Amino acid sequence: MGNRLSKIYTRTGDDGTTGLGDGSRVGKDSVRVNAYGTVDELNSAIGIVLACEIGGEVREALTQIQHDLFDLGGELCIPGMETVKDADIERLEQVLDRFNDGLPPLKEFILPGGGMAAAQCHLARTICRRAERELVTLARSETLRPQPQRYLNRLSDLLFVLARVLARASGHGEVLWHHERRKRT
């Protein structure tokens, strides 16, 4: 573990810059800071899902993901650090397959909703997609390993599946998009 913060404010960011984990300073609006800031936002959104009444298996999966996201944020904050491994992505795929196996095939698009936990999970999914887009932007200007982007890609799929699981478990059910409502009779 790096330096422990005994004082929360330092005043060093008052000029619009922030320190990366390697000691360099960049603008608070830099592509890298936006990327790891959105990963942090995603982690917080998952924390809101965890604050809801959810089953133990979903809770366990999301808690592991929070730890992974903290690692991923560290990798983005410290250029050259490697924390996200192929095994992390494979684990996500296994969890995704396990939860998806119990769901009926999709025949319609699903709208965000289906109870508080499911709706919050959908929100986390959209934040995850934004984080993934920001990593794509970062990779255009700086060297970035593919694992963080692949992790977020799988995670957004898993969050979609978990939202379906949570909607069904809550009794609210999935909210289907009624595309035919626009058709004229």
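Here is a short report on the structure shown in this document. None of these values were measured; they are calculated from a predicted model.

**Some details on the overall build of the protein chain**
Move 1: Across its full length, the protein chain holds 5 helices and 4 strands.
Move 2: What you see in the protein chain, going N to C, is helices and strands ordered as β-β-α-α-α-β-α-α-β.
Move 3: Overall size of the protein chain, expressed as C-alpha extent along the three principal axes, is 60 × 40 × 30 Å.
Move 4: The 185 residues of the protein chain split such that 39% are buried.
Move 5: Counting only contacts in the protein chain whose residues sit at least 6 apart along the sequence, the fraction spanning at least 24 positions is 71%.

**Looking at the packing of aromatic side chains**
Move 1: Counted under the stated rule, the structure contains 1 aromatic pair.
Move 2: Cation over ring: R98 sits above F99, and NZ or CZ is 5.2 Å from the ring centre.

**Comments concerning the nonpolar core**
Move 1: Formed by 47 residues in total, the largest nonpolar core has its most connected members in L42, L62, Y151, L152 and L155.
Move 2: Elements with a contribution of two residues or more to this core: α1 (31–50), α2 (56–77), α3 (86–101), α4 (116–141) and α5 (146–170).
Move 3: The leading source of residues in this core is α5, at 11 residues.
Move 4: The residues touching L42, leaving out its near neighbours within four places in the chain, are L69, A124, I127, C128, L152, L155 and L159.

**Overview of the packing of α1 against α2**
The angle between the axes and the distance between the axes are what describe a pair of packed helices.
Move 1: Between α1 and α2, whose axes approach to 9 Å, the crossing angle comes to 165°. Overall, the two elements α1 and α2 adopt an arrangement that is roughly antiparallel. As α1 packs across α2, the resulting crossing turns out to be left-handed. For the pair α1 and α2, the contacting residues are R32, A35, Y36, V39, L42, N43, I46, G47, V49 and L50 in the first and R59, L62, T63, I65, Q66, L69, F70, L72, G73, E75, L76 and C77 in the second.
Move 2: Here the contact of α1 with α2 is composed, by residue class, of 14 nonpolar, 5 polar and 3 charged.

**Topic: the packing of α2 against α3**
Move 1: Running from amino to carboxyl end, α2 crosses α3 at an angle of 160°, the nearest separation of the two axes being 12 Å. When the interaxial angle is binned, α2 and α3 end up roughly antiparallel. At the point where α2 passes α3, the crossing takes the left-handed sense. Listed contacts from α3 to E57, V58, A61, Q64, I65 and D68 of α2 are D88, R91, L92, V95, R98 and F99.
Move 2: In terms of residue class, the contact of α2 with α3 is built from 6 nonpolar, 1 polar and 5 charged.

**Brief notes about the environment of H178**
Move 1: Mapped onto the elements of the fold, H178 is located in the segment after β4 (175–176).
Move 2: For H178, a relative accessible area of 56% gives the class exposed.
Move 3: Along the backbone, H178 and N100 are 78 residues apart, and their C-alpha atoms lie at a distance of 23 Å.

**A look at the side chain of E132**
Move 1: Along the polypeptide, E132 turns up in helix α4.
Move 2: Residue classification places E132 among the buried residues on the basis of a relative accessible area of 12%.
Move 3: Polar contacts involving the side chain of E132 include one to the side chain of R129, which spans 3.1 Å.
Move 4: Those residues in contact with E132 that lie beyond four places of it in its chain are Q149, L152, N153 and S156.

**Observations concerning the pattern of salt bridges**
Move 1: All chains considered together, the criterion is met by 12 salt bridges.
Move 2: Connected through salt bridges with shared partners, the residues D68, D88 and R91 form a single ionic network.

**Thoughts on the environment of Y151**
Move 1: Take Y151: it is sitting in helix α5.
Move 2: Residue Y151 is classed as buried on the basis of its relative accessible area, which comes to 1%.
Move 3: Expressed as a C-alpha distance, the spacing of Y151 and E90, which sit 61 residues apart in the sequence, is 9.0 Å.
Move 4: Not counting the four nearest positions on each side in its chain, Y151 is found in contact with I65, D68, L69, L72, V84, D88, I89 and L92.

Definitions and limits used
- Residues numbered from 1 in each chain as written.
- Predicted model: local features only at pLDDT ≥ 70, side-chain atom pairs only at ≥ 80, totals over all residues.
- Heavy atoms only, no water.
- Helix = DSSP H or I, 4+ residues; strand = E, 2+ residues; numbered from the N terminus.
- Buried < 20%, exposed > 50% of the residue type's maximum accessible area, 1.4 Å probe, protein only.
- Contact = heavy atoms within 4.5 Å.
- Phe/Tyr/Trp six-rings, centres within 6.5 Å; stacked < 30°, edge-to-face > 60°.
- Lys NZ or Arg CZ within 6 Å of the ring centre and 35° of its normal.
- Core = buried A, V, L, I, M, F, W, Y, C linked by side-chain atoms within 4.5 Å.
- Axes fitted to C-alpha atoms, helices over the stretch in contact; angles between N-to-C directions.
- Parallel < 35°, antiparallel > 145°, perpendicular 65-115°, else oblique.
- Left-handed = near helix turned anticlockwise from the far one by under 90°.
- Nonpolar A, V, L, I, M, F, W, Y, C, P; charged D, E, K, R; others polar.
- Polar contact = N/O pair within 3.5 Å; in protein donor to acceptor, adjacent residues only side chain to side chain.
- Salt bridge = Lys/Arg side-chain N within 4 Å of Asp/Glu carboxyl O.

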